[in-house]
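So you can see what is in the structure, the chains are spelled out below.
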Amino acid sequence: MGISRRQFVSILSLYGVASFTGCSPQPSAVSPLIRYTQQNKKFPVEIRHAFGYTSVNTLPQRIVTIGSGADEICLSLGVMPVGISTTYWGTDSKGYLPWMVEYTEQNQLSLPPVIPLFPEIDVEKIIELEPDLILAPQSDISRALYRQLSSFVNVIPFPEKPWLTPINQQIKIISAALGQYDQGLQLIEDQKQQSALFKEHHPQLAQKTFVFIYTDQNSPHLWCYSRGDQRIDFLESLGLTLLPIVANMPIHAGAAAVNIGIENVDLLNQADIVIASFPSLESQEIMQRHPLFSTLHAMKTGGYLGIHDPSVIMAMLCGSPISRPWLLKRLLPLLLTIEQNLAVSH
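As a starting point, this report considers the structure included with it. Values in this document were obtained by computation on a predicted structure and should not be read as measured data.

The subject of this paragraph is the overall build of the protein. The helix and strand inventory of the protein stands at 13 helices and 15 strands. Relative to the 2.2 N^0.38 estimate, which gives 20 Å for 346 residues, the radius of gyration of the protein is 20 Å and therefore close to what a compact globule would have. Along the first, second and third principal axes, the C-alpha atoms of the protein reach 60 × 45 × 40 Å. The burial tally for the protein puts 54% of its 346 residues in the buried class. By element, 53% of the accessible surface of the protein is carried by carbon and sulfur atoms, the whole surface being about 15000 Å².

Bringing the environment of Ser 226 into the picture now. Summarising the element assignment, Ser 226 is placed in the loop between β11 (221–225) and α8 (230–237). Accessibility expressed as a relative area gives 3% for Ser 226, which makes it buried. Here the alpha-carbon distance between Ser 226 and Ile 286, two residues 60 residues apart in the chain, equals 25 Å. If we skip the residues at most four places from it in the chain, Ser 226 touches Ile 232, Leu 242, Val 246, Ala 247, Ile 251, Ala 256 and Ala 257.

Here we come to the nonpolar core. In terms of nonpolar packing, the biggest core is built from 64 residues, with Trp 99, Ile 213, Leu 222, Leu 235, Leu 268 and Phe 293 touching the most fellow members. No other element matches helix α12 (residues 310–318), which puts seven residues into this core. Dropping the residues within four chain positions of it, Leu 235 is found in contact with Phe 210, Phe 212, Leu 240, Ile 275, Met 316 and Leu 331. Counting residues in hydrophobic clusters, the runner-up holds 25 residues, among them Leu 33, Ile 47, Ala 177 and Ile 188.

Let us now look at the pairing of strand β15 (residues 304–307). Here β15 shows two buried faces, one formed by Tyr 304 and Gly 306 and the other by Leu 305 and Ile 307. Across four bridges, strand β14 (residues 273–277) lies against β15 in parallel orientation. Pairing of Ile 275 across the sheet is with Leu 305, part of β15.

Attention now goes to the packing of helix α3 (residues 98–106) against helix α13 (residues 323–345). Orientation of α3 relative to α13, taken along the N-to-C sense of each, is 115°, at an axis distance of 9 Å. Between α3 and α13, the crossing angle belongs to the class labelled roughly perpendicular. By crossing handedness, the relation of α3 to α13 is classed as right-handed. Every residue of α13 that contacts α3 at Pro 98, Trp 99 and Glu 102 is listed here: Ser 323, Trp 326, Lys 329 and Arg 330. Of the residues that constitute the contact of α3 with α13, the class distribution is three nonpolar, one polar and three charged.

Secondary-structure assignment places Asp 132 in the loop between α4 (123–129) and β8 (133–135). With no salt bridge to any partner, buried Asp 132 finds its closest opposite charge in Arg 62, at an N-O distance of 6.8 Å.

All right, on to helix α7 (residues 181–201) then. Here α7 is 21 residues long and its end C-alpha atoms lie 31 Å apart, about the 30 Å a rise of 1.5 Å per residue gives. Of the residues making up α7, those classed as buried are Tyr 181, Gly 184, Leu 187, Ile 188, Gln 191, Ser 195 and Phe 198. Considered in projection along α7, the buried side chains sweep an arc of 115° and stay on one side of the axis. Within α7, the exposed residues directed more than 90 degrees away from the buried face are Asp 182, Glu 200 and His 201. Against the buried residues of α7 lie β2 (34–36), α2 (70–76), α6 (167–177), α8 and α13.

Omega for the bond connecting Phe 43 with Pro 44 falls within 30 degrees of zero, at -5°, which places this linkage in the cis form. Looking at where Pro 44 falls in the secondary structure, it is placed in the loop between β2 and β3 (45–49). Note the cis peptide between Phe 118 and Pro 119, where omega equals 0°. Although it is not a glycine, Trp 163 adopts a positive phi angle of roughly 65°. With respect to the secondary-structure elements, Trp 163 resides in the loop between β9 (154–156) and α6. Classification of Trp 163 as buried rests on a relative accessible area of 12%.

The next point concerns the packing of aromatic side chains. What the rule picks out here adds up to seven aromatic pairs. Between Tyr 36 and Tyr 181 the ring centres are 6.3 Å apart and the planes differ by 70°, which places this aromatic pair in the edge-to-face class. Of the two residues, Tyr 36 sits in strand β2 while Tyr 181 sits in helix α7, which places them 145 residues apart along the sequence. Assigned by exposure class, Tyr 36 and Tyr 181 land together as buried. Note on Phe 51 and Phe 158: the rings are 5.6 Å apart at their centroids and 70° apart in plane angle, and the pair reads as edge-to-face.

Structurally, the position occupied by Ser 323 is in helix α13. Ser 323 has contacts with Glu 72, Trp 99, Ala 315 and Cys 318, leaving out every residue within four places of it along the chain.

Definitions and cut-offs
Residues numbered from 1 in each chain as written. Predicted model: local features only at pLDDT ≥ 70, side-chain atom pairs only at ≥ 80, totals over all residues. Heavy atoms only, no water. Helix = DSSP H or I, 4+ residues; strand = E, 2+ residues; numbered from the N terminus. Rg over C-alpha atoms; globule rule 2.2 N^0.38 Å. Buried < 20%, exposed > 50% of the residue type's maximum accessible area, 1.4 Å probe, protein only. Areas by Shrake-Rupley, 256 points an atom, 1.4 Å probe, with all protein chains shown as cover. Contact = heavy atoms within 4.5 Å. Core = buried A, V, L, I, M, F, W, Y, C linked by side-chain atoms within 4.5 Å. Pairing = 2+ DSSP bridges. Axes fitted to C-alpha atoms, helices over the stretch in contact; angles between N-to-C directions. Parallel < 35°, antiparallel > 145°, perpendicular 65-115°, else oblique. Left-handed = near helix turned anticlockwise from the far one by under 90°. Nonpolar A, V, L, I, M, F, W, Y, C, P; charged D, E, K, R; others polar. Lys, Arg positive; Asp, Glu negative; His and termini not counted. Salt bridge = Lys/Arg side-chain N within 4 Å of Asp/Glu carboxyl O. Expected span 1.5 Å × (residues − 1). Arc of directions from axis to C-beta. Phe/Tyr/Trp six-rings, centres within 6.5 Å; stacked < 30°, edge-to-face > 60°.

Structure, rendered in C-alpha cells:
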C-alpha cells in the first residue's frame, strides 16, 4: 500500500474506564506536565497537553495508540495496546514495523489490529476497539479530531507541538498514564546508560560534527533537521555534534528544521558527516549525481551516508526502547565505516 509524497513529508516533518477528560483553556507551558493528587504517583493523574488537560482516574485497560512510538513504549512497560496506528510506510504489507514484528515474535505476543492514519484516521475502527484511553504524544492530532475522539474516550495528544515531543517526554507521559511512572524513569535511565556505553566504545565519533538532511530530485531545497527533531536527538545521544551553523539557524515554523537552497550546499561542507534521507533509491541515485549536491565535502572524505530504506528512517523517528536496538544493529556498521574513512582522510 503506497502513500503520496505529501504524506511522506507529513511523516517526516518525521508515528475500569479512565473517567474524565477535561479540555480546559490553553495550558501554560510552565505548568506541570504531570500532576498527581496523591503521593503514590498512581491515580488520579492529570496530564497537560496542547489542548488542555486529561485526567486519568483509574488504571486504563484498553489502550489505542496514534502516531509514532507510543505503542512501543507501552510494550516496553508490559502493556499491549488493543489497536495501533500505521502509515504503511516502512512497514510490511499488514502495516507493522519490523522491530515490532521482531519483538512480538521473540516474546510470543500477538500483534494488535492496525488503524490507518492516511488519508485520514479511521475513527470508526477506533470506536469498534472500545478503548478507554488513546495515547498520542508524538502525533499531529488536530483540535477537531481531539474533540471528536474525547467525546467518547480519554485522549492524551502531544504536549506542545505536533511531531516534536522528545522521546523522554513521551515515556514520562505514557508511563504516568499507565500508572508506571517510576518504571518509565527507569526506561529513560536505561537508554541514557546505553548511550554512555556507546560513546565509551566509540570516542572518535564524539569528536565529529554532522548534519541530517532530507531532499529529493524534485526539490530545490535541502531540509536540514535541528535539535528537537527525533533523528538529531538520537544521533547526538551517540556522541555526534550537530553542525553549529545548522544548530544556530532559525528553525522553520512548526518543525525542528531549516530549509537551505541547494545552491548553498557548501554551507554543509564543514560537517564531518552528512546523512541524507530520500523517498526512494531512484531519488537517492539521482541526487548523488546532482552537479551541486555531489560537491558535498563529506562525499569526498567518506563521511557521507545516503538512506532510502523507510524502515531505518522510521526507526530514527521513533527512538523508542524497542526501535533503538533494532536501528543500532543496522546503523552501527555504517557509522563505523564512516569513522574509518575519516581517519584515513585526515
